Amino acid sequence: AIGKDCAVGTLHAVGKILHSKRLADGAPKNRAVDVLEAAGADPVQFVQLLHENYVDFVHEDDIDALASVAAFMSDASVLTPWRESQYTLAHLRNNAVLIASEAIA
């Protein structure tokens, strides 16, 4: 059951970023790192899910915005290795989360 709870927490965290509520000044209400920590989500999986789902949340007529987000997602992917034996430093993964999340914001 714990694995299922973690997966639901990660999906919930991704949803909070993709459907982010905004403050009066247009800034996101929730910081990505805070959402990630509260959900107990795995940063690598979090970035992968953002990467898989962001296209539907960028205006379809704005190809420049899509290209910009894709570039940020690429940068984030570099910081989230697909093998655990690579870069094990937590701050690299947290930076990847920030890059991926800010790209969508």
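Residues numbered from 1 in each chain as written. Predicted model: local features only at pLDDT ≥ 70, side-chain atom pairs only at ≥ 80, totals over all residues. Heavy atoms only, no water.

### Concerning the overall build of the protein chain
- A tally of helices and strands in the protein chain yields five helices and zero strands.
- Residue burial in the protein chain is summarised as follows: out of 105 residues, 31% are buried. (Helix = DSSP H or I, 4+ residues; strand = E, 2+ residues; numbered from the N terminus. Buried < 20%, exposed > 50% of the residue type's maximum accessible area, 1.4 Å probe, protein only.)

### Digging into the pattern of salt bridges
- In the structure shown here, the tally under the stated rule is one salt bridge.
- As a salt-bridge pair, Arg 31 and Asp 34 come within 3.0 Å of each other at their nearest N and O atoms. (Salt bridge = Lys/Arg side-chain N within 4 Å of Asp/Glu carboxyl O.)

### Focus on helix H2 (residues 32-39)
- Within H2, the full set of buried residues consists of Ala 32, Val 33, Val 35 and Leu 36. Angular distribution of buried residues about the axis of H2 spans 160°; they occupy a single face of the element. Facing away from the buried surface of H2 by more than 90 degrees, the exposed residues are Glu 37 and Ala 38.
- After H2 finishes, the residue Gly 40 shows a positive phi value of roughly 65°. (Arc of directions from axis to C-beta.)

### Quick look at the nonpolar core
- Ranked by size, the top nonpolar core spans 23 residues in total, and within it Phe 46, Leu 50, Tyr 54, Val 69, Met 73 and Ile 104 carry the most contacts.
- Breaking this core down by element, the ones donating at least two residues are helix H1 (2-18), H2, helix H3 (43-53), helix H4 (63-79) and helix H5 (90-104).
- Those residues in contact with Phe 46, other than ones at most four positions away along the chain, are Thr 10, Ala 13, Val 14, Ile 17, Leu 36, Val 97 and Ser 101. (Core = buried A, V, L, I, M, F, W, Y, C linked by side-chain atoms within 4.5 Å. Contact = heavy atoms within 4.5 Å.)

### Some details on the environment of Gln 45
- Relative to the helices and strands, Gln 45 resides in helix H3.
- Residue class for Gln 45 comes out partly exposed when judged on its relative accessible area of 33%.
- When the C-alpha atoms of Gln 45 and Leu 11 are compared, they prove to be 9.4 Å apart, with 34 residues separating the residues in sequence.

### Quick look at the environment of Lys 16
- Tracing the chain through its elements places Lys 16 in helix H1.
- When the C-alpha positions of Lys 16 and Val 35 are compared, they lie 7.4 Å apart, and in sequence the two are 19 residues distant.
- Apart from the residues within four sequence positions on either side, Lys 16 is in contact with Asn 30 and Val 35.

### Let's talk about the environment of Val 35
- The topology assignment puts Val 35 in helix H2.
- With relative accessibility at 7%, the residue Val 35 sits in the buried group.
- In the structure, Val 35 is positioned 22 residues away from Ala 13 in sequence and 5.8 Å away in space, judged by C-alpha atoms.
- In contact with Val 35, not counting residues within four places along its chain, are Ala 13, Lys 16, Ile 17 and Asn 30.

### Let's talk about a negative patch on the surface
- On the surface, Glu 60, Asp 61, Asp 62 and Asp 64 cluster together to form a negatively charged patch.
- Looking at the element boundaries, Asp 62 is found in the loop between H3 and H4.
- Here Asp 62 falls in the partly exposed class, since its relative accessible area comes to 34%. (Patch = residues over 30% accessible without salt bridge, like charges linked within 9 Å, V, L, I, M, F, W, Y side chains within 5 Å. Areas by Shrake-Rupley, 256 points an atom, 1.4 Å probe, with all protein chains shown as cover. Lys, Arg positive; Asp, Glu negative; His and termini not counted. Charge placed at Lys NZ, Arg CZ, Asp CG, Glu CD.)

### Topic: the side chain of Thr 10
- In this structure, Thr 10 sits in helix H1.
- Among the residues examined, Thr 10 registers a relative accessible area of 2% and is labelled buried.
- With sequence-adjacent residues up to four places away left out, Thr 10 is seen in contact with Ala 41, Asp 42, Gln 45, Phe 46 and Leu 49.

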